[in-house]
Amino acid sequence: MFLVVYQVTDLGGGADPVKADTSRVFSLIEQDQVRDAQIVDKEQRIELTTVDGDVYEAYWVNGQGAELAEQLQASESVEAYDVEVPQDSVFVSLLFSFLPLIIIIAIFLFIMNQMQGGGSRVMNFGKSKAKLITKDTPKSTFSDVAGADEAIEELQEIKEFLQNPAKFQSMGAKIPKGVLLYGPPGTGKTLLARAVAGEAGVPFYSISGSDFVEMFVGVGASRVRDLFEQAKTNAPAIIFVDEIDAVGRHRGAGMGGGHDEREQTLNQMLVEMDGFDVKSGVILIAATNRPDILDPALLRPGRFDRQIVVDRPDMEGRKGILSVHAKGKPIAPDVDLDVIARRTAGFTGADLSNVLNEGALLSARGGRNQIDMETLEEAIDRVMAGPERKTRVMSDAEKKVIAYHEGGHALVGHALPNADPVHKITILPRGRALGYTMSVPMEDKFLTSRSEMMDQLAMMLGGRTAEELVFHEPTTGAANDIDKATSLARNMVTEYGMSERLGARKFGNGNTEPFLGREMSHSREYSEEIASLIDEEVRRLIESAHDEAWEILVEYREVLDDLVLNLLDKETLSKEEVLEIFEPIRKRPSRGSYKGYGKRLPSDKPPVLTPKELALMGPKDVQELGSGNGQSSRHAQQAWPEADESEATGGRNGDSGREGGSEPEDRD
Ligand SMILES: Nc1ncnc2c1ncn2[C@@H]1O[C@H](COP(=O)(O)OP(=O)(O)OP(=O)(O)O)[C@@H](O)[C@H]1O
Ligand SMILES: [Zn+2]
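Here the residue index of a chain counts from 1 through its sequence in written order. The lettering of chains begins at A and the numbering of ligands begins at 1, in the order of writing. Whole-chain, interface and lining totals are the exception, using all residues; otherwise, since this is a predicted model, local features are given only for residues with pLDDT of at least 70 and side-chain atom pairs are given and counted only at 80 or more. Hydrogen atoms and water are omitted, and side-chain values are computed over all heavy atoms in the structure.

A word on the site of ligand 1
What surrounds ligand 1 is a group of 17 residues, the closest being A146, G186, K189, T190 and H325. In the analysis that follows, any N or O atom pair within 3.5 Å is treated as a polar contact, provided that within protein one partner can donate a hydrogen and the other can accept it, and provided that, for residues neighboring in sequence, both atoms belong to side chains. Between ligand 1 and K189 there is a distance of 2.9 Å, counted from an oxygen atom to a side-chain nitrogen or oxygen. Between ligand 1 and the protein, one listed contact pairs a nitrogen atom with a side-chain N or O atom of H325 at 2.8 Å. For accessible areas, the Shrake-Rupley method is used with a probe of radius 1.4 Å. Any residue's cover is judged against the shown protein chains and nothing else. Compared with its free state, where it exposes 630 Å², ligand 1 has 77% of that area covered by protein. Elements represented by at least two residues in the shell around ligand 1 include exactly α7 (189-200), α13 (315-326) and α15 (349-365). When the residues that make up the shell around ligand 1 are grouped by side-chain class, the tally is six nonpolar, eight polar and three charged. Residue ranges assigned to the domains are those given by an automatic or database domain assignment. Here the shell around ligand 1 spans two domains, and each of domain 2 (135-251 + 259-309) and domain 3 (327-385) adds at least three residues to it. One heavy atom suffices: a residue is near a molecule or strand as soon as one of its heavy atoms comes within 4 Å of it. A run of DSSP states H or I qualifies as a helix once it reaches four residues; a run of E qualifies as a strand once it reaches two. Both are numbered from the N-terminal end. Throughout this entry, Asp, Glu, Lys and Arg are counted as charged residues, while Ala, Val, Leu, Ile, Met, Phe, Trp, Tyr, Cys and Pro are counted as nonpolar. The remaining residues, Gly among them, count as polar.

Re the environment of V559
Structurally, V559 can be placed in helix α22 (residues 557-570). Among the residues examined, V559 registers a relative accessible area of 8% and is labelled buried. Taking the C-alpha atoms as reference, V559 lies 6.7 Å from F582; in sequence the two are 23 residues apart. A 1.4 Å probe rolled over the protein chains alone gives each residue an accessible area, and that area as a share of the maximum for its type sets the label: buried under 20%, exposed over 50%, partly exposed in between.

Let's talk about the coordination of the zinc ion (ligand 2)
A donor here means an N, O or S atom no more than 2.8 Å from the metal, or no more than 3.2 Å when the metal is Na, K or Ca. Since water is not included, a site may seem to lack partners. At this site the zinc ion (ligand 2) is bound by H405 (NE2), H409 (NE2) and D481 (OD), with donor distances of 2.0 Å. Each donor residue of the zinc ion (ligand 2) lies on one chain, and together they are spaced H-x3-H-x71-D. One end of the pair, H409, is in helix α17 (residues 396-415); the other, D481, is in helix α19 (residues 479-494), and 72 residues separate them in sequence. Comparing H409 with D481 shows no difference in burial state: the two are buried.

Concerning the packing of helix α1 (residues 22-30) against helix α2 (residues 64-74)
Only the stretch in contact is used when fitting a helix axis, every axis being a line fitted to C-alpha atoms; angles between N-to-C directions are given from 0 to 180 degrees. For the pair α1 and α2, interaxial distance at closest approach is 9 Å and the crossing angle is 25 degrees. Taken together, the axes of α1 and α2 are roughly parallel relative to one another. For the crossing formed where α1 meets α2, the hand is left-handed. Facing T22, F26, I29 and E30 of α1, the residues of α2 in contact are Q64, E67, L68, Q71 and L72. Among the residues forming the contact of α1 with α2, the class breakdown is four nonpolar, three polar and two charged. The labels follow the angle: roughly parallel below 35 degrees, roughly antiparallel above 145, roughly perpendicular from 65 to 115, and oblique for the rest. Left-handed is the label given to a crossing in which the near helix is rotated counterclockwise from the far helix by less than a right angle, and right-handed is the label when the rotation is clockwise. Whether two residues are in contact is decided by their heavy atoms: any pair within 4.5 Å suffices.

Brief notes about the side chain of T465
Its place among the elements puts T465 in helix α18 (residues 450-471). For T465, a relative accessible area of 0% gives the class buried. There is a polar contact of 2.6 Å between the side chain of T465 and the backbone oxygen of L461. Contact partners of T465, with chain neighbours within four places excluded, come to H546, A549, W550 and L553.

Pasting the structure below:
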């Protein structure tokens, strides 16, 4: 910073000054030899240019500065002189006094950042603020959501409230403050929440729980406050918190006694929820796929006390979702959405929308102007197992092993009475699988019987068994099958009470996904004896399934060879082609009755008939059934010959269809 006295001229012009004695400088000035000068007060230095153009530099002692200035001013030859008083700017001096503090804070931030898992989040949390909370008024309506009729019905009330809060308030109606949507990823929870806002025409504030947690200390809680403030000023409105489990986990259950930041955020959310009431016209909708780990405080009355399941769609639902997403796409006339819905058991809405999108991409790439059935079939395979890897080169020997392996699955499955029909076999590598056999259940199932599980076990082991039988050498290809078979057998013993020796009891088995502290208490809820008994029973189930697969494959070795030849030739066989090859196979009889009753004798009385079954029977049969004499009871037994073995068992609902069936039998 220059303190300019008089006018500033070009000082010195860049020539290097010659060092001169102070006395010389004084005398030069006195003799009017100096043209201009620059005084640097702080350094007690003077730089001068003589009338001859020489440049000198000299230092003076403290106090001489004023004298110099006086002399310069008095001198007649001096055209200009300049005093420079270098002074630290306010900013610089502040910087220096706060520098230690700044360094400390920087180190602290750095450490915090490291603790939060690295990255440069601290540096850009200003940025993330912008995208963290999004606000819009969605255009979507309930008609964009298919296959979730029950959820929509439940949300109807919320929509009506948001459309006219005053009406509900004047009636003193109790409206839930919070609605929790839970279900697997991609089932349309976000879509539903947006549809409520769209239907009611209210603003939709959205934030994701994991974003909260990723943020920097103390910010999470204040963001929650912001969010509620904003929503309240724009009420009626919806606040949508996706992945609420990220903040709403059981408090104090994290590693090392809990995550402070998360807890603060959660507490703030609870405070906000308690603080607003129906009058505010704000409704909180949260989504999670882990409702089990939520802090119970969140689920208490007055908070998320309305809970709605959003599950994988059933066949009708899948068809509906497919039609929603087919809208606006050029679908070829040969496309039958019914067939596609049937083939996609276990798919979520997101998967199905992917199928149509993949179909559109494939068609565009292939230069077609319509999406046809064949393309959609290919799209299903892609969504199910990743894109076909045509480039992967497989040796002929490996191809043969894979063909026998897949053939083993298919043949065993076909020979068993309860396995799902084979839909397709391929030895084309896809995703992580080297080949797969796809079987499709006839209908969505919510209960799986013991006999069905036994058949599934044998089918799972069919691939490995074929390798053993044909090559006398198993490969790594069966690892995934073995994994699945083991967990199924283990579940049968420890979850579904299907072991005769252990009875209908549950044993925590660590098979369920471990979470929080629970994992530990899970591992041992029973004695060593029980543990080894469980192992023995699991082993028995697997062994008997293995034996069964072996028997079937030995019996139909010729059919297996035939199938393999065809597979090596065509790589993919359709259902019809497979059925033709399997022509000689006779289905095995139903398996022997379940002995798990112990001393208890099963009733020989058949179950009641459903109205549909009654309608199918002639009037004579009904009469006989109703008459109650010995003869009719024998008749009834014949009408239901498998009375004592088709014992329906504790169901795995929903995903059972996928478990046993349509998932690729992976050979990785
Ligand atoms: N029931 C449905 N009807 C129509 N489309 C659906 C349905 N479910 C999902 N989709 C499609 O899948 C996409 C993803 O669904 P969405 O994001 O709503 O799932 P989500 O349950 O919120 O998933 P996540 O738990 O991963 O957040 C939607 O944008 C929509 O295209
Ligand atoms: Zn396999």
